[in-house]
Amino acid sequence: MTAAGLPMAVPAQGLPPRVRVHEVGARDGLQNEKGVVPTEVKAEFIHRLADAGLTTVEATSFVHPKWVPQLADAERLFPLLGDLQGIHLPVLVPNDRGLDRALALGAHRVAVFASATESFAKANLNRTVDEALAMFAPVVSRAREQQVHVRGYLSMCFGDPWEGPVPVAQVVRVCRALLDMGCDELSLGDTIGVATPGHVQALLAALNEEGVPTDRVGVHFHDTYGQALANTLAALQHGVTTVDASAGGLGGCPYAKSATGNLATEDLVWMLHGLGIDTGVDLGALAATSAWMADQLGRPSPSRTVRALTAGSHEEQADSHQEQ
């Protein structure tokens, strides 16, 4: 158990005063589970995340159940979240049918999922990059007509398991296309976790040169090579204020086998709070939520911060069992 008052806040120059954490554990995390998590457990997970102070919690995905059976209960889950006032609950919509399903349930925020590389577009969407963009254009247009906020996810921004290095200009082209079709914000995905800080800053600078403002960009790092926090800090230094993370480090990518878990929200929040950056998140409550979810899944959380913050409670539970 960590002593009270830690981490000590020591601000660094040139960083934003506040960061919005875009929590993806309930969608991107659980979709990668081998087993199907009960709908009621998902609903409680999302409620606990909101209670911990997260204001954006990606709830589910309206994809065909054949492709992501773990999220086949979207129509059952979303109504269970209706009492969450003031919490953004974005959902993934792959096509017009997915948008119809989301709108029918009153979703106010949706996301489309594009690729910066041809290989991943083929594996994930069975389309070329440009064919996928053409499919998303009417979805984004209809969503905007309904005054629904649209996020554009872009995978493989820093490297591809089939193609290797991804040219920065190639990523910028697809980002520009997503914004031009009407996306309100972008999320730059390091799907297989190969980014490094200089690469992150180079891509952000190139986006700015092509007229993509930093305040329209979020970052989504995987920790395959242990670089997620370093890459996040590089993005913050450039002015990024939206960071994707997954409670307890849940998730990977079912279409890229070399992808490991997302950046753990607790690890991110520990760093941000240590830098004096406001998140609005109660780190203790968040860690307890991830420990609870890990119990539901039957395995320990991969988040180092979760393990550090909950170590004492686990030891106390073990001692009480021994006494009994």
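Residues numbered from 1 in each chain as written. Predicted model: local features only at pLDDT ≥ 70, side-chain atom pairs only at ≥ 80, totals over all residues. Heavy atoms only, no water.

Enquirer: Mind showing me how you'd approach the overall build of the protein chain here?
Expert: Across its full length, the protein chain holds twelve helices and nine strands. At 19 Å, the protein chain has a C-alpha radius of gyration in line with the 20 Å of a compact globule built from 324 residues. Out of the 324 residues belonging to the protein chain, those deemed buried represent 54%. Relative to all contacts within the protein chain whose residues are 6 or more apart in sequence, the contacts with residues 24 or more apart total 77%. For the protein chain, the exposed surface amounts to about 13800 Å²; the carbon and sulfur share of it is 53%. In the protein chain, which carries 23 positive and 36 negative side-chain charges, the distance between the mean positions of the two groups comes to 6 Å. (Helix = DSSP H or I, 4+ residues; strand = E, 2+ residues; numbered from the N terminus. Rg over C-alpha atoms; globule rule 2.2 N^0.38 Å. Buried < 20%, exposed > 50% of the residue type's maximum accessible area, 1.4 Å probe, protein only. Contact = heavy atoms within 4.5 Å. Areas by Shrake-Rupley, 256 points an atom, 1.4 Å probe, with all protein chains shown as cover. Lys, Arg positive; Asp, Glu negative; His and termini not counted. Charge placed at Lys NZ, Arg CZ, Asp CG, Glu CD.)

Enquirer: Quick question: what am I supposed to make of the packing of aromatic side chains here?
Expert: Both the distance between ring centres and the angle between the ring planes are used here to describe each pair of aromatic rings. All told, the structure shown has two aromatic pairs when counted by the stated rule. With 6.1 Å between their ring centres and 45° between their planes, Phe158 and Phe221 make a pair best called tilted. Pair noted here: Phe158 is in the loop between β6 (149–155) and α7 (168–180) and Phe221 is in strand β8 (residues 217–221), with a separation of 63 residues, a long-range link. Directly above the ring of Tyr153 sits Arg27, whose terminal nitrogen or CZ lies 5.5 Å from the centroid. Over the ring of Trp292 we find Arg48; its NZ or CZ atom is 4.1 Å from the centre of that ring. (Phe/Tyr/Trp six-rings, centres within 6.5 Å; stacked < 30°, edge-to-face > 60°. Lys NZ or Arg CZ within 6 Å of the ring centre and 35° of its normal.)

Enquirer: Before we go on, may I ask you to explain the confidence of the model for the protein chain in this structure?
Expert: Do not read the fine detail of predicted coordinates wherever pLDDT is low. Per-residue confidence for the protein chain averages 92 on the pLDDT scale, and 93% of its residues sit at or above 70. Contacts from residues 253–259, a stretch scored under 50 in pLDDT, to residues over four places away or in other chains number 22 contacts. For the stretch residues 314–324, pLDDT sits under 50, and the model shows zero contacts to residues farther than four places along the chain or on other chains. (pLDDT = per-residue confidence, 0-100.)

Enquirer: Looking at this structure, how should I read the pairing of β6?
Expert: Strand residues, when the strand is regular, have side chains that alternate between the two faces of the sheet. The buried fraction of β6 is high, at seven of seven residues. A two-sided burial pattern is seen for β6, the buried positions comprising His149, Arg151, Tyr153 and Ser155 on one face and Val150, Gly152 and Leu154 on the other. As paired elements, strand β5 (residues 109–115) and β6 share seven bridges and run parallel to each other. Note on β6: the bridge partner recorded for Phe113 is Tyr153. Sheet analysis places β6 next to strand β7 (residues 185–190), joined by four bridges and oriented parallel. Looking across to β7, one finds that Tyr153 is bridged to Ser187. (Pairing = 2+ DSSP bridges.)

Enquirer: Would you mind going over the packing of α7 against helix α8 (residues 197–209) with me for this structure?
Expert: Taken N-terminus to C-terminus, the directions of α7 and α8 make an angle of 50°; their axes are 10 Å apart at the nearest point. Between α7 and α8, the angle falls in the class oblique. Note on packing geometry: the crossing formed by α7 with α8 is right-handed. On α8, the residues touching Val168, Val171, Val172 and Cys175 of α7 are His199, Ala202, Leu203, Ala206 and Leu207. Its residues placed into classes, the contact of α7 with α8 shows eight nonpolar, one polar and no charged. (Axes fitted to C-alpha atoms, helices over the stretch in contact; angles between N-to-C directions. Parallel < 35°, antiparallel > 145°, perpendicular 65-115°, else oblique. Left-handed = near helix turned anticlockwise from the far one by under 90°. Nonpolar A, V, L, I, M, F, W, Y, C, P; charged D, E, K, R; others polar.)

Enquirer: Got a minute to help me understand the environment of Ala288 in this structure?
Expert: Mapped onto the fold, Ala288 is located in helix α11 (residues 283–297). Spatially, the C-alpha atom of Ala288 lies 25 Å from that of Leu233, the residues being 55 residues apart in sequence.

Enquirer: Hey, could you run me through the pairing of β8 in this one?
Expert: Burial within β8 is extensive, with five of its five residues counted as buried. Neither face of β8 is left uncovered, since the one carrying Val217, Val219 and Phe221 and the one carrying Gly218 and His220 both have all their residues buried. As paired strands, β7 and β8 are joined by five bridges and run parallel to one another. When the bridges of β8 are listed, Gly189 appears paired with His220. Viewed along the sheet, the connection from β7 through α8 into β8 turns out right-handed. Pairing analysis gives two bridges linking β8 to strand β9 (residues 242–245), with the strands arranged parallel. Along β9, the bridge assignment pairs Gly218 with Thr242. In this fold, β8 hands off to helix α9 (residues 228–238), which returns the chain to β9; that crossover is right-handed. (Right-handed = clockwise from strand over helix to strand, strands pointing away.)

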